[in-house]
Amino acid sequence: MNCDCQRWQNKFTWNCFSCAIIGFWLKIRVRMSNTQHRHRHGSLKQTNKTHKTGRHRSKSAVDNANKGKTSVKAVTRKMDRVMSRDSRRQQANQLRKNKRTDTMNKKRQLGTAEYAPFLVCLLPLEASIDPRSALDILEKCDPEALVYKNSSGITYLSIPRFKQRFSFIIPPVGCGNEFTALDYLKVADTTVFLISANNPEGEIMDRWGSRIFQMAMAQGVPTPTIALQDLASIAPKKQLTMKSSIQKIVEKLIPDQKLVVLDTNSDGLNLLRKIGAQKKTKLKNRMCRPHLYADSVEYSQEVVKVTGYLRGTPLDVNRLVYIPGLGDFQMAQIDVMSDPYPIDKRNLDQEVTRKVFAVADEKIQTPLDRENVSDEAEMVEEAEEVNEEEEKPKRLVKRVPVGMNSYTAAWIPDVEEVDDDDDDDEEEDSEEDEDFMSCASEVDSNADMEGDGESQSGEEGEYHEITEEEGVSDEAKYDQDMDFEEEKRSLDKLKAARMDKLWPDEIDTPQDIPVRLRYQKYRGLESFRTSPWDASKNLPSDYSRIYNFENFRNRARFEVREAENVLGVPAGLYITVHIKGVEQSLWEAFRSTGRETENFIVYGLLPHEHKMSVVNCILRRTPDSEMPIESKERMIIQCGYRRFIANPIFSEHTHGNKFKFEKFFRPNEVIVASFYAPIQYPPATVMCFRTNPDSSVSLVAGGSVLSCDPGRVVLKRVRLSGHPLKIYKDFAVIRFMFFNAEDVNYYKPIQLRTKCGRMGHIRESLGTHGHMKCRFDGQLKSYDTVFLQLYKRVFPKWTYQECLKTAAPAKTARMDVD
């Protein structure tokens, strides 16, 4: 809308009608624009948090501040620190490919002309099977094969068509040779279990075979293979049925394992082909340590020269070696020899060369110090005391009335003089001793009453000593072979284990001595899981003789990982190791066993593996062992490549910083055993054996090494029980927990617990006979039992003894368990 005023004067004039209308319209429009509704958020509007970059600037802020400039450090740093996703994926694929290539090279290298031959152990599972017959089939399977035999019982077999070499060893079979067979399996690359199809009972193993098979599975079987013999002696129509039935039994024992028939030469060739091509079982304890199975052994001037193929990892001449049956020693030098068992016949006429590869340096050589002892005089005194205690024989005294034969006198207990080496807090042992002496006194009194008039006078001449051979009748032959003392101990152990399972750690409050004095080494805990316990206080004197790591897991992981990078003799060479420091008397005693050349094995030790510490192992009971094992019981323990005797203590296998002491190791349970022993890096298998009354050994538990940590806190618990006399709403009068008011006031700060889950505290003492008024978090039941729990830290005993094949006396702490 335009008019002449706007056109000529460029302004509105109210005298003009058109200008007035335009001005009025503009005024209304402005007012409407000022009063337009705008949205305003309320109190429930969502407000998102702003991005927080912390104390530093964000990447966008840094880029804005730099404005495209790049620092010198960013240009010169390595590009692999900032990699894209595709680059990282490519790098991972390359690393995976390199590892696969290394594994394939190691597999192809084993058994070739440049490496040690396959070490195969032929182990029959029946005493009637002759492993020599299986070895003869393998020797004659290929007419072009080269067979070498040496004085140590090893048979070398070279197959030119396979370009592979094999070496066979046969362990002794029979009761008493279990440990020797286990030593053979420790160093073998492949285990061939020999079974027979000509068994009328339909079983593939006898009693000895089942025992050695169970021990081998607990230790770790190196690449098992099962060979079936005598299948040709069965009728042709029944062979397939017999083979399938045996295959089902084998699949239950070793899954994914198929039978290999070994009756003809073609069967032997197929077995060798399978041994050379099958996937090898990785045993970590053997792969990360150098080991050598001896071909020949020579001794001269306290130096043992061991010759054989080195397997595992490289061997450093400045480290220590361990010989089962002899102990830890240092090396003088290592010689490398040419391979005496070639694959090709053309290399048979070559001369055997010998070259000194490495000589030990005394400045950097690992010392043989096993214990951390500061004062040698104290060590000598302690050793003399231990030797005197071990040499002192136990005197058995049996008083038998006149006219009593050996069968009747067998029920009279022997009075034995035994030193009390246990702790003062072992109330159960003291009660057993009191019951034992009271039983003996009753028997003696009854014997006195049954005697004649002279025997009632109580003179020394009324009794005489008899031997077990006097008066033995045919009816008593069965009882003559029975050990009555062992039967009594087994019965007492079963009763004690059952009582401990029904009422764990519950004891009767002593009435002849105050509780605060009887259990003065114990203390109360508000919470077993969260209450603090200082692990560095009140340590025994044996802790000054052992070694400890700041972080055992990191040290073990580092040493095992660096074992392959040691600068030493590479694995696979034929070498001669000069071991020094072997005494003449020790070697003569070792030779008296008759197996100084057979089963002679040398293990290379990793750093610190010869030092003493507290070894903690996770153990599980074997299915066929039913007798409970008491804590601190004498056992034969095989930890990795070592075998020794120790008295372990048991504790719960749980999480936390404190662990409850277990008095018994019951069947179908998992516990942690702690004992003093040389350090062993995990993973390493652990086997526990118990000596039977007939001098044989049986496997009772198996497991692995958990740690070598002396700081593991094992607490023994004692539960003082009381019973409610009067019950109110939340108060109750408790009796039979204490028998004097001083004990009640002494244990006031400790929290009480009941069997039904109530918790409370002692409020005050009532009277002078131990009654006390207690308050709980609820009303008690009339049948409820109130407990006061006390704890004390326990430690293992220093009873470590190396199992050596020597005839040394007991004062040298060497025992022959083979």
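A.B. asks: Please explain the overall build of the protein chain as it appears in this structure.
C.D. replies: Counting secondary structure elements, the protein chain contains 20 helices and 37 strands. Here the protein chain holds 818 residues, and 43% of them are scored as buried. Taking the contacts inside the protein chain whose residues are at least 6 apart along the sequence as the reference set, 74% of them involve residues at least 24 apart. By element, 49% of the accessible surface of the protein chain is carried by carbon and sulfur atoms, the whole surface being about 47900 Å².

A.B. asks: What is the right way to look at the packing of aromatic side chains in this model?
C.D. replies: Each aromatic ring pair is summarised here by two numbers: the centre-to-centre distance and the angle between the ring planes. This structure, assessed with the given rule, holds 27 aromatic pairs. An angle of 20° between the planes, with centres 5.4 Å apart, marks the rings of Phe118 and Phe166 as stacked. On the criterion of sequence distance, the pair formed by Phe118 in strand E1 (residues 118-124) and Phe166 in strand E4 (residues 164-169) is long-range, its members being 48 residues apart. For the pair formed by Phe118 and Phe166, the shared burial category is buried. Aromatic side chains Tyr543 and Phe795 sit 5.4 Å apart centroid to centroid with 80° between the ring planes, which places their arrangement in the edge-to-face category. Pair noted here: Tyr543 is in the loop between helix H17 (515-518) and helix H18 (552-561) and Phe795 is in the loop between strand E35 (786-793) and strand E36 (801-803), with a separation of 252 residues, a long-range link. Considered together, Tyr543 and Phe795 belong to a single accessibility category, that of buried residues. In this structure an aromatic cluster arises from ring pairing among Tyr148, Tyr156, Tyr309, Tyr341 and Tyr574. The ring of Tyr547 carries the charged tip of Lys611 above its face, separated from the ring centre by 4.7 Å. The ring of Phe665 has Arg621 sitting right over it, with the charged end atom 5.4 Å from the ring centre.

A.B. asks: Whenever I open this one, the sheet that holds strand E7 (residues 259-261) confuses me. Can you help?
C.D. replies: Strands in a sheet are paired, the pairing made by backbone hydrogen bonds, and the direction either parallel or antiparallel. Judged by pairing direction, the sheet is mixed, and its seven strands sit side by side in the order E2-E3-E4-E1-E5-E6-E7 without closing on themselves. The open sheet terminates on both sides in strands that have one partner only, identified here as strand E2 (146-149) and E7. Across the sheet, the mean angle separating the axes of adjacent strands is 30° when strand polarity is ignored. Of the pairings in the sheet, the one linking strand E5 (residues 190-196) to strand E6 (residues 224-229) comprises six bridges and is parallel in character. When the sheet's bridge partners are listed, Ile195 is paired in E6 with Leu228.

A.B. asks: Any chance you could explain the pattern of salt bridges here in plain terms?
C.D. replies: Oppositely charged side chains may form a pair once their charged atoms are brought near each other. A complete count under the given rule lists 25 salt bridges for this structure. With its nearest N and O atoms 3.5 Å apart, the salt bridge here joins Glu139 to Lys149. Here Glu139, found in helix H6 (residues 131-139), pairs with Lys149, found in strand E2; they are ten residues apart in sequence, far enough to count as distant. With a relative accessible area of 15%, Glu139 lands in the buried category.

A.B. asks: Please explain the nonpolar core as it appears in this structure.
C.D. replies: Generally speaking, a soluble globular protein has its nonpolar side chains buried in company with each other. Residues Phe168, Leu272 and Phe689 are the most contacted members of the largest nonpolar core, which totals 83 residues. For Phe168, the residues in contact, after removing those within four places along its chain, are Val120, Leu122, Leu135, Leu138, Gly153, Ile154, Thr155, Leu157 and Leu272. By size, the runner-up hydrophobic cluster in this structure holds 36 residues, among which are Ala646, Phe665, Ile679 and Cys708.

A.B. asks: Sorry, what's going on with the side chain of Arg793 here?
C.D. replies: As for its placement among the helices and strands, Arg793 is situated in strand E35. For the buried Arg793, which has no salt bridge, the nearest side chain bearing the opposite charge is Asp534, at an N-O separation of 7.2 Å. In this structure the side chain of Arg793 is engaged in a polar contact, spanning 3.3 Å, whose partner is the backbone oxygen of Pro710. Arg793 has contacts with Trp533, Ala535, Leu539, Tyr543, Pro710, Gly711, Arg712, Val713, Val714 and Leu715, leaving out every residue within four places of it along the chain.

A.B. asks: Is there a simple way to think about the layout of surface pockets in this case?
C.D. replies: If you add up the space inside the second largest pocket, you get close to 1400 Å³. Around the second largest pocket sit 33 residues that line it, and Lys106, Lys282, Met287, Gly312 and Glu564 are the ones nearest its centre. Sorting the residues of the lining of the second largest pocket by element identifies helix H5 (85-109), helix H11 (284-287) and H18 as the ones contributing at least two each. Ranked by residues supplied to the lining of the second largest pocket, first place goes to H5 with eight residues. Among the residues forming the lining of the second largest pocket, the class breakdown is ten nonpolar, nine polar and 14 charged.

A.B. asks: For this particular structure, what's the right way to read unusual backbone geometry?
C.D. replies: One can expect most non-glycine residues to show negative phi and most peptide bonds to be in trans. Along the chain, Pro682 connects to Pro683 via a cis peptide bond; the corresponding omega equals 0°. Residue Thr223 is not a glycine yet carries a positive backbone phi of 45°. Relative to the helices and strands, Thr223 is located in the loop between helix H8 (207-219) and E6. A relative accessible area of 2% places Thr223 in the buried class. In this structure, Glu302 is a non-glycine residue whose phi angle is positive, near 60°. Along the chain, Glu302 turns up in the loop between strand E8 (291-300) and strand E9 (303-311).

A.B. asks: What's the story with helix H9 (residues 236-253) in this structure? I'm lost.
C.D. replies: Every α-helix carries 3.6 residues per turn, so stepping three or four residues along brings you back to the same face. Along its 18 residues, H9 runs 27 Å from first to last C-alpha, staying within 8% of the 26 Å computed at 1.5 Å per residue. Inspection of H9 places Ile246, Gln247 and Val250 among the buried residues, and these make up the whole buried set. Mapping the buried residues of H9 onto a view down its axis gives an arc of 115°, with all of them on the same face. Of the exposed residues in H9, the ones pointing more than 90 degrees away from its buried face are Lys237, Lys238, Thr241, Lys248 and Lys252. In this fold, the buried residues of H9 make contact with E5, E6 and E7.

A.B. asks: Can you help me understand the packing of helix H7 (residues 178-187) against H8 in this one?
C.D. replies: Helix-helix packing: each pair is described by the crossing angle between the helix axes and the interaxial distance. Interaxial distance between H7 and H8 falls to 10 Å at its minimum, and their mutual angle equals 40°. As far as their axial angle goes, H8 and H7 are oblique. As H7 runs across H8, the sense of the crossing is right-handed. Residues Glu178, Ala181, Leu182, Leu185 and Lys186 of H7 form the contact with H8, whose participating residues are Trp208, Arg211, Ile212, Met215, Ala216 and Gln219. Considered class by class, the residues forming the contact of H7 with H8 number seven nonpolar, one polar and three charged.

A.B. asks: What is the right way to read a nonpolar patch on the surface from this model?
C.D. replies: On the surface, a cluster of nonpolar side chains totalling about 310 Å² of accessible area is made up of Met499, Leu502 and Trp503. Relative to the elements of secondary structure, Leu502 occurs in helix H16 (residues 484-502). Judged by relative accessible area, Leu502 falls into the partly exposed class, the value being 46%.

A.B. asks: Any chance you could explain empty space enclosed by the protein here in plain terms?
C.D. replies: Gaps between atoms show up when a probe of the same size as a water molecule is rolled over them. Taken as a whole and judged by the stated rule, the model has five cavities of 30 Å³ or more. The space that makes up the second largest cavity amounts to roughly 70 Å³. The wall of the second largest cavity is formed by Pro290, Thr313, Pro314, Leu315, Asp316, Arg319, Leu320, Ala563, Val566, Gly604, Leu605 and Leu606. Split into classes, the residues belonging to the lining of the second largest cavity amount to eight nonpolar, two polar and two charged.

A.B. asks: Looking at this structure, how should I read the state of the cysteines?
C.D. replies: What makes a disulfide is a covalent bond joining the sulfur atoms belonging to two cysteines. Applying the stated rule across the entire model yields zero disulfides. Of all cysteine sulfurs, the one in Cys617 lies closest to Cys688, which takes part in no disulfide; the gap is 7.3 Å. Take Cys688: its relative accessible area is 2%, and that puts it in the buried class.

A.B. asks: Teacher, can you tell me more about the side chain of Ser631 here?
C.D. replies: Turning to its location among the elements, Ser631 is positioned in the loop between strand E21 (629-630) and strand E22 (635-639). The exposure class assigned to Ser631 is buried, which follows from its relative accessible area of 11%. Excluding its chain neighbours within four sequence positions, the residues that come into contact with Ser631 are Pro648, Ile649, Phe650, Phe661, Glu662 and Lys663.

Criteria and cut-off values
- Residues numbered from 1 in each chain as written.
- Predicted model: local features only at pLDDT ≥ 70, side-chain atom pairs only at ≥ 80, totals over all residues.
- Heavy atoms only, no water.
- Helix = DSSP H or I, 4+ residues; strand = E, 2+ residues; numbered from the N terminus.
- Buried < 20%, exposed > 50% of the residue type's maximum accessible area, 1.4 Å probe, protein only.
- Contact = heavy atoms within 4.5 Å.
- Areas by Shrake-Rupley, 256 points an atom, 1.4 Å probe, with all protein chains shown as cover.
- Phe/Tyr/Trp six-rings, centres within 6.5 Å; stacked < 30°, edge-to-face > 60°.
- Lys NZ or Arg CZ within 6 Å of the ring centre and 35° of its normal.
- Pairing = 2+ DSSP bridges.
- Axes fitted to C-alpha atoms, helices over the stretch in contact; angles between N-to-C directions.
- Salt bridge = Lys/Arg side-chain N within 4 Å of Asp/Glu carboxyl O.
- Core = buried A, V, L, I, M, F, W, Y, C linked by side-chain atoms within 4.5 Å.
- Lys, Arg positive; Asp, Glu negative; His and termini not counted.
- Polar contact = N/O pair within 3.5 Å; in protein donor to acceptor, adjacent residues only side chain to side chain.
- 1 Å grid on protein atoms, 1.4 Å probe; cavity = no way out; pocket = protein on both sides within 12 Å on 5 of 7 lines; lining within 4 Å.
- Points joined across faces, edges and corners; volume = space filled by probe spheres on them.
- Nonpolar A, V, L, I, M, F, W, Y, C, P; charged D, E, K, R; others polar.
- Expected span 1.5 Å × (residues − 1).
- Arc of directions from axis to C-beta.
- Parallel < 35°, antiparallel > 145°, perpendicular 65-115°, else oblique.
- Left-handed = near helix turned anticlockwise from the far one by under 90°.
- Patch = residues over 30% accessible without salt bridge, like charges linked within 9 Å, V, L, I, M, F, W, Y side chains within 5 Å.
- Disulfide = S-S within 2.5 Å.

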